[in-house]
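What the coordinates show
Residue strings, one per chain:
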Amino acid sequence: MSDGTIVINGNSHPFKPGQTILEAAEDAGIPIPTLCHLKGATPTGACRLCVVEVAGARNLLASCSTPAEAGMEIQTESPTVVRSRKMTLELLLSSGNHDCIDDGSVKDPKALFDARAEADGHSEHLCPSWGDCKLQEYALEYGATGTAYPKTPPLYPPELKNPLIIRDFSRCILCGRCVQACNEVQVNEAISHGYRGAESKIVALGDLPLSESSCVFCGECIQACPTGALVEKKAKGIWRPWDVETIRTTCPYCGVGCQQTLHVKEGKIVKVTGDEEALPNKGRLCVKGRFGYDFIYSEERLKTPLIREDGELREASWDEALDLVADKLKTIIGESGADAVAGVSCARSINEDSYQMQKLFRGVFKTNNIDHCART
Ligand code: SF4
Ligand code: SF4
Ligand code: SF4
């Protein structure tokens, strides 16, 4: 229910009590650029990209942390706002290694970057984002080139030690989204802001590599990172958003049923992300759901049932295997009673399959000997 209206760019829009200007604008379909804002986490107003002009206010206000108030008159793209955003982007581009934008002399820097990515996506000189970067997107939109201020060279080398996550500190803009994703969304508390001033860095447990810290490799921080500072190792040089088909599905690992998006390229999964709109996980995944998709392509995968005969396994049809299991169960129950059998459902089963399994054992065989294998 609306508590009042605000005026955005000359038009009245209702807003809900407690909403920020950013949220009210989003509901009204008016885009405001953000880099540090993470939905569902405490607004920090750190990047200052979402500033708007509010009539009567002395300064531009960060829309992500300013509550909407009835009667407010807001401009989201006034010349002052656009100038401020461009300056913010220039400052961000001047710190670290943001070499995708060039110096403004290139007519179409995006096409140039894409051509470099196409030619050598695995190059260590190319930003690991491979073109999936909010900073690049906004820099191109607002005409920022990274030449307005003296460059501050990167202080820290990339961390490539673990098998799953690339941490390229030279592309980090210290927006803090990864820290919020880790601490507020996943509540893992593995990373935090470290050091001060020009030496600031996102650190894990006293500045250790992730693999030696309390990081559980859920990858939530990658999903939150708006630049090329955090990237899935397996997807680097392979995945770009416009190169893949996306398919919403249920994670195959456990009964929680997290909703995930498969990024499929030429018939193969090249990346997995959590679906931020869907329950029960609202975008969160664990290490298995996000990174454990290689088994699908394993040569060692069983493709048919196997029956053991004379100590050797042989391939069988599903009908033959199921008939054999049914016969054995009937014989054992007939000879020794229902409690002589037990069922263990696979941890990769969905909830519905596990439900049916327990129904079969309890309702048909009349035993409560059921369990769920927790290991995957
Ligand atoms: S992090 Fe973004 S802005 Fe920086 S080099 Fe990579 S693509 Fe460009
Ligand atoms: S992978 Fe997960 S636990 Fe590790 S730093 Fe990122 S969000 Fe935190
Ligand atoms: S690693 Fe990414 S999400 Fe974390 S502070 Fe740097 S740019 Fe932001």
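Residues numbered from 1 in each chain as written. Chains lettered and ligands numbered in written order. Predicted model: local features only at pLDDT ≥ 70, side-chain atom pairs only at ≥ 80, totals over all residues. Heavy atoms only, no water.

Identification of the protein as Formate dehydrogenase major subunit from Desulfoluna spongiiphila is taken from an unreviewed UniProt entry.

Let us now look at the overall build of the protein. Helix and strand counts for the protein stand at 9 helices and 16 strands. The globule rule puts the C-alpha radius of gyration for 376 residues at 21 Å, and the 27 Å found for the protein is more than 25% above it. With respect to the three principal axes, the spread of C-alpha positions in the protein is 85 × 50 × 40 Å. Summed over all atoms, the accessible surface of the protein reaches about 20700 Å², with 53% contributed by carbon and sulfur. Distance between charge centres in the protein, computed from 41 positive and 51 negative side chains, equals 2 Å. (Helix = DSSP H or I, 4+ residues; strand = E, 2+ residues; numbered from the N terminus. Rg over C-alpha atoms; globule rule 2.2 N^0.38 Å. Areas by Shrake-Rupley, 256 points an atom, 1.4 Å probe, with all protein chains shown as cover. Lys, Arg positive; Asp, Glu negative; His and termini not counted. Charge placed at Lys NZ, Arg CZ, Asp CG, Glu CD.)

As far as domains go, the protein holds domain 1 (4–77), domain 2 (103–237), domain 3 (244–301) and domain 4 (306–372). A separation of 27 Å is found between the C-alpha centroids of domain 1 and domain 2. Residue-level contacts link 12 residues of domain 1 with 13 residues of domain 2. Here domain 1 meets domain 2 over a buried area of about 1000 Å², counting both sides, of which 58% is carbon and sulfur. Considering only the surface of domain 1 that becomes buried against domain 2, P33, L35 and L38 emerge as the three largest contributors, covering 51% of it. (Domains from an automatic or database assignment. Contact = heavy atoms within 4.5 Å. Buried area = accessible area lost by both parts, 1.4 Å probe.)

In this section: the sheet that holds strand 10 (residues 245–250). Read from one edge to the other, the open sheet built from 3 strands follows the order 10-11-12, with strand pairing classed as antiparallel. The open sheet is flanked by strand 10 and strand 12 (268–274), the only strands paired with a single partner. Each strand axis lies, on average, 30° off the axis of its neighbour in the sheet, ignoring direction. Here 6 bridges tie strand 11 (residues 259–265) to strand 12, and the two strands are oriented antiparallel to one another. (Pairing = 2+ DSSP bridges. Axes fitted to C-alpha atoms, helices over the stretch in contact; angles between N-to-C directions.)

Turning our eyes to something else, we now look at the side chain of Q223. Here Q223 is to be found in helix 6 (residues 220–224). By relative accessible area, Q223 is classed as buried at 17%. In this structure the side chain of Q223 is engaged in a polar contact, spanning 3.0 Å, whose partner is the backbone oxygen of G274. With sequence-adjacent residues up to four places away left out, Q223 is seen in contact with T273, G274, E276, G283 and R290. (Buried < 20%, exposed > 50% of the residue type's maximum accessible area, 1.4 Å probe, protein only. Polar contact = N/O pair within 3.5 Å; in protein donor to acceptor, adjacent residues only side chain to side chain.)

Another aspect to go through is the site of ligand 2. Contacts to ligand 2 come from I165, C182, N188, A190, I191, C215, V216, F217, C218, G219, E220 and C221. A molecule is said to occupy a pocket when more than half its atoms come within 2 Å of that pocket's grid points, and by this definition ligand 2 occupies the largest cavity. (Near = heavy atom within 4 Å. 1 Å grid on protein atoms, 1.4 Å probe; cavity = no way out; pocket = protein on both sides within 12 Å on 5 of 7 lines; lining within 4 Å. Sits in = over half its atoms within 2 Å of the grid points.)

As a further point, take the sheet that holds strand 3 (residues 51–54). Taking strand neighbours across the sheet as the criterion, the 5 strands line up as 2-1-5-3-4 in an open arrangement whose pairing is mixed. A strand with exactly one partner marks an edge of an open sheet, and here the two such strands are strand 2 (11–15) and strand 4 (61–62). When strand 1 (residues 4–8) meets strand 5 (residues 73–75), the two strands line up parallel, connected through 2 bridges. Each residue of the ladder has a partner; that of I8, found in strand 5, is I74. On the sheet, helix 2 (residues 79–94) packs against strand 3 and strand 5 and is oriented at approximately 155° with respect to strand 3.

Turning our eyes to something else, we now look at empty space enclosed by the protein. Across all of its chains, the model carries 3 cavities of 30 Å³ or more by this definition. When its volume is computed, the largest cavity comes out at roughly 280 Å³. For the largest cavity, the lining is made up of 29 residues, of which C178, I191, I202, C221 and L230 are closest to its centre. If you list the elements that add at least two residues to the lining of the largest cavity, you get strand 6 (165–167), helix 5 (177–185) and helix 6. Per-element tally for the lining of the largest cavity: the top contributor is helix 5, with 3 residues. Class assignment for the residues of the lining of the largest cavity results in 22 nonpolar, 4 polar and 3 charged. The computed volume of the second largest cavity comes to approximately 80 Å³. Along the walls of the second largest cavity sit L93, N97, H98, C100, C127, S129, C133, L135, Q136, R171, T227 and G228, which together make up its complete lining. Across the lining of the second largest cavity, the residue classes break down as 5 nonpolar, 6 polar and 1 charged. (Points joined across faces, edges and corners; volume = space filled by probe spheres on them. Nonpolar A, V, L, I, M, F, W, Y, C, P; charged D, E, K, R; others polar.)

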